[in-house]
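# An overview of the molecular structure
This is what each chain is made of:
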Amino acid sequence: MTIQEVSTASQKAGADDADRLAKDTGAPVPQKKQRGAPWPVHFWRSAIGKKWVMAVTGIMLLGFVLVHMIGNLKVFLSAKEVDQYGEWLRTILEPALPRTVFLWILRVGLIGAFFLHITSAYQLTRMNHAARPVKYKGGRNYVAADFASRTMRWTGIIIGLFLIYHLADLTWGTLNPHFVRGAPYENMVQSFNKWYIAAIYIVANIALGIHIFHGAWAMFQSLGLNNPSYNRARRYFATGFAALITIGNVSIPIAVLTGAVS
Amino acid sequence: MHVNLRVWRQAGPKADGGFEEYSVDDVSPDMSFLELFDVLNEQLLADGVEPVAFDHDCREGICGSCSMMINGQAHGPEKGTATCQLHMRKFEDGANITVEPWRARSFPIVKDLAVNRSALDRIIESGGFITVPTGSASEANLTLIPKDVADWAMDAAACIGCGACVAACPNGAAQLFTAAKVSHLNILPQGQPERYERVVAMVDTMEEYFGSCTLHRECEAACPKEISIDFIAMMNRDYVKAQFKNRRLSAQR
């Protein structure tokens, strides 16, 4: 807007009280401004852009955990169903694509989504810490922030660490002495028979549920999806999704521990 | 009434600060929280102590000058009220009350409880207006605006710019302030010609000074005008749309 320069030029030179005050207090000092970037770069540099990326990648990750859970629940059918499902994943879109190619496309997309989700979270956290270098000395009394929203960072880190362990346990088999490639049902039962490994899976899935409880609601705000006709449904969706994933995933190690699946 | 105050004292922007304890007697339950500080300052003057510096002006909840973190809550425990409208009857006799200034990188402390909030002015300067020559008011029915729209715009325009949203936000973000200032123009016909320039300019300026939104909703709870975070979603949507919008066609209906 052109008139902006006319109306504020004199103020910016330090003509108003606020600016004279700013000279004394030494701040507020803006972050360095980066101008003239093409729009995707400009968008990514903005916090709103990063939150948008977090929401979109979050939706992709929600889709993944849902499909992953549905696949895993086949343990309640039979060992054959699980092993067949694992084999089918490798043969999707055959013969149009060679074996496992589509699976790798999915995996690369998933890795990209994780990378962007975590990078955005890290950069936004840095920005937020910088926005309040001196904390409240008298303590804070939160009235609206819930446990889930305030622990997103920590539940996120728990899920990230669990993910690495989970891959080492049941995908690569590096941390699993009984691992047999291509026998997912047997590998799963072997792992969950040890109570401490089952406990890791249960704790991690509860953390995932808490993370989804906030994230699956907050993503609507980040994307700007706000309408009185469905605002209430956003909360139900997030609660329902979190409960579904947590109960579905936790039921498997519990079923193995109690002997319902063996 | 009698209250025990723990007040942040800081001689100047670069001085070290700390809490001082004061005991105030003969507090009327009908006093506002600012009047409590008037009584305290009279007492301090009589004792030969420098009075506590704090921001205040209209004392009727519409100027946005008062700014106190009372017991860890911006503007204190009462919902939808500024510090000046918070009455002492909301506290128990003999209450211990901790009072601290707003804290954010871009709200540097001037003295005691007074902070410099001019970063909010920088956001307004970057686009919180419509570029038209002002003159006498135009005919009221010239631009028809549905009642729902007018009410919603007024809900955003109720922002008094006190900065409680920044103070209350765990991330020190000014999203609620900026969203209110963007939205009260962006949802009215008069704001449409500069809608996308406005949202980009104001958001970019906001992010030079403040943190980002993680949807804790603390701002909404602290806001003395109870402005809804729905405006933040609107601002987010307009910011995303602005990236793709062909502005040469923006006069089309």
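Owing to the predicted nature of the structure, the values given are computational and were not obtained by experimental measurement.

Calculation notes
- Residues numbered from 1 in each chain as written.
- Chains lettered and ligands numbered in written order.
- Predicted model: local features only at pLDDT ≥ 70, side-chain atom pairs only at ≥ 80, totals over all residues.
- Helix = DSSP H or I, 4+ residues; strand = E, 2+ residues; numbered from the N terminus.
- Buried ≥ 20, exposed ≤ 12 C-beta atoms within 10 Å, placed from the backbone.
- Contact = placed C-beta atoms within 7 Å.
- Nonpolar A, V, L, I, M, F, W, Y, C, P; charged D, E, K, R; others polar.
- pLDDT = per-residue confidence, 0-100.
- Domains from an automatic or database assignment.
- Axes fitted to C-alpha atoms, helices over the stretch in contact; angles between N-to-C directions.
- Parallel < 35°, antiparallel > 145°, perpendicular 65-115°, else oblique.
- Left-handed = near helix turned anticlockwise from the far one by under 90°.
- Core = buried A, V, L, I, M, F, W, Y, C linked by C-beta atoms within 7 Å.
- Pairing = 2+ DSSP bridges.

### Considerations on the overall build of chain A
Across its full length, chain A carries 11 helices and 0 strands. What you see in chain A, going N to C, is helices and strands ordered as α-α-α-α-α-α-α-α-α-α-α. Every one of the 262 residues in chain A was classed for burial, and the buried ones make up 23%. The contacts of chain A with a sequence gap of at least 6 include a subset with a gap of at least 24, amounting to 68%.

### Digging into the overall build of chain B
Along chain B, the regular secondary structure elements total 8 helices and 7 strands. With respect to the principal axes defined by its C-alpha atoms, chain B has extents near 70 × 40 × 35 Å. When burial is assessed residue by residue, chain B has 50% of its 253 residues classed as buried. In chain B, the proportion of contacts linking residues at least 24 apart, taken out of those at least 6 apart, comes to 70%.

### A short note on the interface of chain B and chain A
On the side of chain A, 50 residues touch chain B, which itself brings 55 residues to the contact. Sorting the residues of the side of chain B that touches chain A by element identifies strand 5 (96-100), helix 2 (118-125), helix 6 (195-209), helix 7 (218-222) and helix 8 (230-244) of chain B as the ones contributing at least two each. In terms of residue count, the dominant contributor to the side of chain B that touches chain A is helix 8 of chain B (9 residues). A class-by-class count of the residues in the side of chain B that touches chain A yields 21 nonpolar, 18 polar and 16 charged.

### What about the confidence of the model for chain A?
Residues of chain A with pLDDT of at least 70 account for 87%, and the chain-wide mean is 88. Within the model, pLDDT remains below 50 along residues 1-15 of chain A, and this stretch shows 14 contacts once partners closer than five positions in the same chain are excluded.

### Section: the confidence of the model for chain B
A residue-level look at chain B finds 100% of positions with pLDDT of 70 or above and a mean pLDDT of 94. For this predicted complex, the interface score ipTM comes out at 0.91, alongside a pTM of 0.90.

### Quick word on the environment of B:Phe129
All names here are of chain B. Within the secondary structure, Phe 129 sits in the loop between helix 2 and helix 3 (147-157). You can call Phe 129 partly exposed: it has 17 C-beta atoms within 10 Å. Distance from Phe 129 to His 184, taken between C-alpha atoms, is 9.9 Å for residues 55 residues apart in sequence.

### Quick look at the domain arrangement of chain B
The domain architecture assigned to chain B consists of domain 1 (3-111) and domain 2 (117-249). Listed by partner, the interface residues are 19 residues for domain 1 of chain B and 16 residues for domain 2 of chain B.

### Some thoughts on the packing of helix 2 of chain B against helix 6 of chain B
Residues and elements named next belong to chain B. Packing of helix 2 against helix 6 leaves a shortest axis separation of 8 Å and a crossing angle of 160°. Taken together, the axes of helix 2 and helix 6 lie roughly antiparallel to each other. Helix 2 and helix 6 meet at a crossing whose hand is right-handed. Together, Ala 119, Arg 122 and Ile 123 of helix 2 and Met 202, Thr 205, Met 206 and Tyr 209 of helix 6 make up the contact between the two elements. Here the residues of the contact of helix 2 with helix 6 are counted per class, giving 5 nonpolar, 1 polar and 1 charged.

### Structural notes on the nonpolar core
Judged by nonpolar contacts, the single largest core of 98 residues is most densely connected at B:Cys165, B:Val166, B:Ala168, B:Ala174, B:Leu176, B:Phe231 and B:Met235. The biggest single contributor to this core is helix 10 (residues 195-223) of chain A, with 13 residues. Of the domains in this structure, domain 1 (3-111) and domain 2 (117-249) of chain B are the two that each give at least three residues to this core. A:Val75, A:Val82, A:Met188 and A:Val256 belong to the second largest nonpolar core, which has 6 residues in total.

### Observations regarding the sheet that holds strand 2 (residues 17-24) of chain B
Two pairing modes exist for strands in a sheet, parallel and antiparallel, and in both the strands are linked by backbone hydrogen bonds. Residue and element names in this part refer to chain B. Pairing in this open sheet of 5 strands is mixed, and the strands run 2-1-5-3-4 from one edge to the other. At either margin of the open sheet sits one strand with a lone partner, and together these are strand 2 and strand 4 (73-74). Note that strand 1 (residues 3-10) and strand 5 share 4 bridges and pair parallel. The residue bridging Val 7 from the neighbouring strand is Val 99, located in strand 5.

### Here we look at the pairing of strand 1 of chain B
Residues and elements named next belong to chain B. Two elements, strand 1 and strand 2, share 8 bridges in a ladder whose sense is antiparallel. Paired with Asn 4 across the two strands is Ser 23, which belongs to strand 2. Here strand 1 folds back onto strand 2 in antiparallel fashion, the turn holding 6 residues.

### Comments concerning unusual backbone geometry
Between A:Glu94 and A:Pro95 the backbone carries a cis peptide bond, its omega angle lying at 0°. Here A:Pro95 is to be found in the loop between helix 5 (79-91) and helix 6 (101-131). We note that B:Asp26 has phi near 55°; this positive angle belongs to a residue other than glycine. Looking at where B:Asp26 falls in the secondary structure, it is placed in the loop between strand 2 and helix 1 (33-46). Under the C-beta neighbour-count criterion, B:Asp26 is labelled exposed, with 8 such atoms within 10 Å. The backbone phi angle of B:Glu226 is positive, close to 50°, even though this residue is not glycine.

### Topic: the packing of helix 5 (residues 175-186) of chain B against helix 6 of chain B
Residue and element names in this part refer to chain B. Taken N-terminus to C-terminus, the directions of helix 5 and helix 6 make an angle of 170°; their axes are 10 Å apart at the nearest point. When the interaxial angle is binned, helix 5 and helix 6 end up roughly antiparallel. For the pair formed by helix 5 and helix 6, the contact residues are Thr 178, Lys 181, Val 182, Leu 185 and Asn 186 on the first element and Arg 195, Arg 198, Val 199, Met 202, Val 203 and Met 206 on the second. Considering only residue class, the contact of helix 5 with helix 6 consists of 6 nonpolar, 2 polar and 3 charged.

### Regarding the pairing of strand 5 of chain B
Residues and elements named next belong to chain B. The buried fraction of strand 5 is high, at 4 of 5 residues. Sheet topology note: the strand 3 (residues 69-70)/strand 5 ladder contains 2 bridges and is antiparallel. Its bridge partner lying in strand 5, Ile 70 is registered against Val 99.

### Side note on the environment of B:Val7
All names here are of chain B. Among the secondary structure elements, Val 7 is positioned in strand 1. A residue is classified by how many C-beta atoms lie within 10 Å of it, and Val 7, with 22 of them, is buried. Along the primary structure Val 7 and Ile 70 are separated by 63 residues, whereas in three dimensions their C-alpha atoms are 9.6 Å apart. Once you skip the residues sitting within four places of it in the chain, Val 7 turns out to touch Phe 19, Glu 20, Tyr 22, Val 52 and Val 99.

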